[in-house]
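Analysis of the macromolecular model
Below are the chains, spelled out letter by letter.
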Amino acid sequence: MFITCLQVTFLIGQYRKHPIIHCKPNWQSRPQNKMKRVLYIDPVERIGAKTGSENVFPSKMVDHVDWRLIFVQWVRTNCFKVIILSLFVVGLYFYYWSRPQNNFWTNFSEESSKIYNKGVDKEERKELKLQNFAHTKISSEHFQETPFVSEKQFGNDVKSQGIDVLLLFSKAKNNWPLRNKFSVMVQSLLETSSIPLRLHVIGDSESQEIATQTLEGIKKSDAETSNYTLMSHEIDTMAKQLHEIVKPLQDHFSAHPGAYYSDALFFLSVAVHRVMPDTMHRAIMLDADLKFYTDIAELYNLFGKFSPNQVIGIANEMQPVYRHTFYPYRSKNQGTRVGDPPPDGKPGFNSGVLLLDLDKMRKSELYNAQINRDKIKTLTDKYSFKGHLGDQDFFTLLGMEFDDLFYVIPCCWNRQLCQWWKDKGYESIFDLYHSCKEKVNVYHGNCNTPIPDFAG
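Below: a short report on this structure. The written sequence of each chain sets the order in which its residues are numbered from 1. Local features are withheld for residues below a pLDDT of 70 in this predicted model, meaning they are given only at 70 or higher, and side-chain atom pairs are given and counted only at 80 or more; totals for whole chains, interfaces and linings count all residues. Here the side-chain values reflect all heavy atoms present in the structure, with hydrogen atoms and water set aside.

1. Description of the state of the cysteines
Formally: Criterion for a disulfide: a pair of cysteine sulfur atoms at a distance within 2.5 Å. Think of it this way: any DSSP run of H or I at least four residues long counts as a helix, any run of E at least two long counts as a strand, and we number them from the N terminus. Relative accessible area decides the class of each residue, using a 1.4 Å probe on protein chains only: under 20% of the type maximum gives buried, over 50% gives exposed, and in between gives partly exposed.
The full count for this structure, using the stated rule, is two disulfides. With its sulfur 2.0 Å from that of its partner, cysteine 411 forms a disulfide with cysteine 436. Residues cysteine 411 and cysteine 436 share a disulfide whose torsion about the S-S bond is about 80 degrees; that sign makes it right-handed. With a gap of 25 residues between them, cysteine 411 in the loop between strand S10 (406-409) and strand S11 (415-416) and cysteine 436 in the loop between helix H20 (430-434) and strand S12 (442-444) connect regions that are remote in the sequence. In this structure cysteine 436 comes out as buried when scored by relative accessible area, which is 15%. Across the disulfide from cysteine 418 sits cysteine 447; the S-S distance is 2.0 Å. A torsion of 115 degrees about the S-S bond marks the disulfide between cysteine 418 and cysteine 447 as right-handed. Highlighted residues: cysteine 418 in the loop between S11 and H20 and cysteine 447 in the segment after S12, separated in sequence by 29 residues. For cysteine 418, a relative accessible area of 4% corresponds to the buried category. Each bonded cysteine in the chain gets a number by its place in the sequence, and the pairs come out as 1-3, 2-4. Summary of cysteine pairing: cysteine 412 is not part of a disulfide, and the nearest cysteine sulfur, belonging to cysteine 411, is at 5.8 Å.

Right, here's the structure in full:
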């Protein structure tokens, strides 16, 4: 567009400098004899009127335009050459660099993968993986028939049958930062995994196609990352099925209609047990802005630590955001633990990594009783709460009232990097929320924070 504007400006300048389009001649000053006049362009771009006699009319006397000659003059300009070159570069970009396997960030993450594989070369990693599982894809029919896997059976059955991973990925068509984050996340997930994965991409059709292309590009660059089955779930279909639940959540836990976290995608985790097949018993739900440094099988092991009443595993929020959000309630209830930092306080939750025991979520009368409009309004009124962060606001609010529904994931499995609240009046207490002394297994680059190459 910028180049086109320059070209138009250039042509206007040429027209002013060498008039081509003129008003009709003054017939009173015109000679009586008829003379043939033809526009021409000489090598130095002089424009005039050549006649069949010795009389030469001024250029302003020309009363017709030969657009073919104008086009020829335009083709001979430098601006035309610049436009052609620009179109060639743009075409080359979309043909080559937009492919996931040729994307800079994809290649960068491939190089950095050597870091979190602790120096083990590809051949050694391949040998180790072959000792644990067969490199075969799991068909959709196998997924439907997979039986429930207990903790006692985990060592053998899960390694052969795999686990279900839900990936939230929507509106990615023109969102290149999101696409790059997704590429880094799935590549790190696949490279560190020792077991087959069933990847469920939840999003719009265009984003699902991008996810497929991204995974295919990763697989071509490293055949060891091919041990997965990809399944797609249309976000609009799921949102319609859960409309009665999602709508009140959007009203209470998004800043305003149309805000980023008002999208139905950010509330599906609350009731995903109602739309996923009964043959899916447990699932891990992940945001796109993560990076794995440890096998996801170890994260899955945490299901074995759930108490009988715990239905969801979720990490604490690592900023004082809920200390701020619950301020009206805290000011009226001195000494409350609501919004206080760990280990004794209730800092709220972050939903970047979720362990969803779908069987328990289906069976829990207490949990299902809370996901309706009246109960949600009761809780928000009690705690004077107005959220803006989607599902994690609901889980946080529910955890204040029924903390026995949640298993708190160690901070190393969702090491959040965002420090937005540090300079918003909470600098003196920020580290009480943000500190994590464990070795990091998963980094979470929330609020667009860059993710380190090394696991801390």
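After presenting the structure, the write-up continues.
2. Digging into the sheet that holds strand S5 (residues 228-234)
Which entries qualify depends on this criterion: Note on pairing: two strands pair once DSSP finds at least 2 bridges between them. Orientation is described by axes fitted as lines to C-alpha atoms, over the contacting stretch for helices, and by angles from 0 to 180 degrees between their N-to-C directions. What makes two residues a contact is simply this: any of their non-hydrogen atoms within 4.5 Å.
Strands sit in the order S5-S4-S3-S6-S9-S8-S10 across an open sheet of seven strands; the sheet is mixed. Of all strands in the sheet, those bounded by a partner on one side alone are S5 and S10. Taken pair by pair, the neighbouring strands of this sheet meet at an average axis angle of 25 degrees, ignoring direction. Docked against the sheet, helix H19 (residues 391-401) engages strand S8 (312-316), strand S9 (349-357) and S10, running at close to 80 degrees with respect to S9.

3. Points about the sheet that holds S12
Strands in a sheet are paired, the pairing made by backbone hydrogen bonds, and the direction either parallel or antiparallel. The strand order across the open sheet built from three strands is S7-S12-S11, with neighbouring strands paired in mixed fashion. The open sheet terminates on both sides in strands that have one partner only, identified here as strand S7 (290-292) and S11. Bridge analysis of S11 against S12 gives two bridges, and the strand direction is parallel. In the sheet register, glutamine 416 faces S12, and the bridge partner there is histidine 444.

Such coordinate-based values are descriptive only and should not be taken to indicate function.
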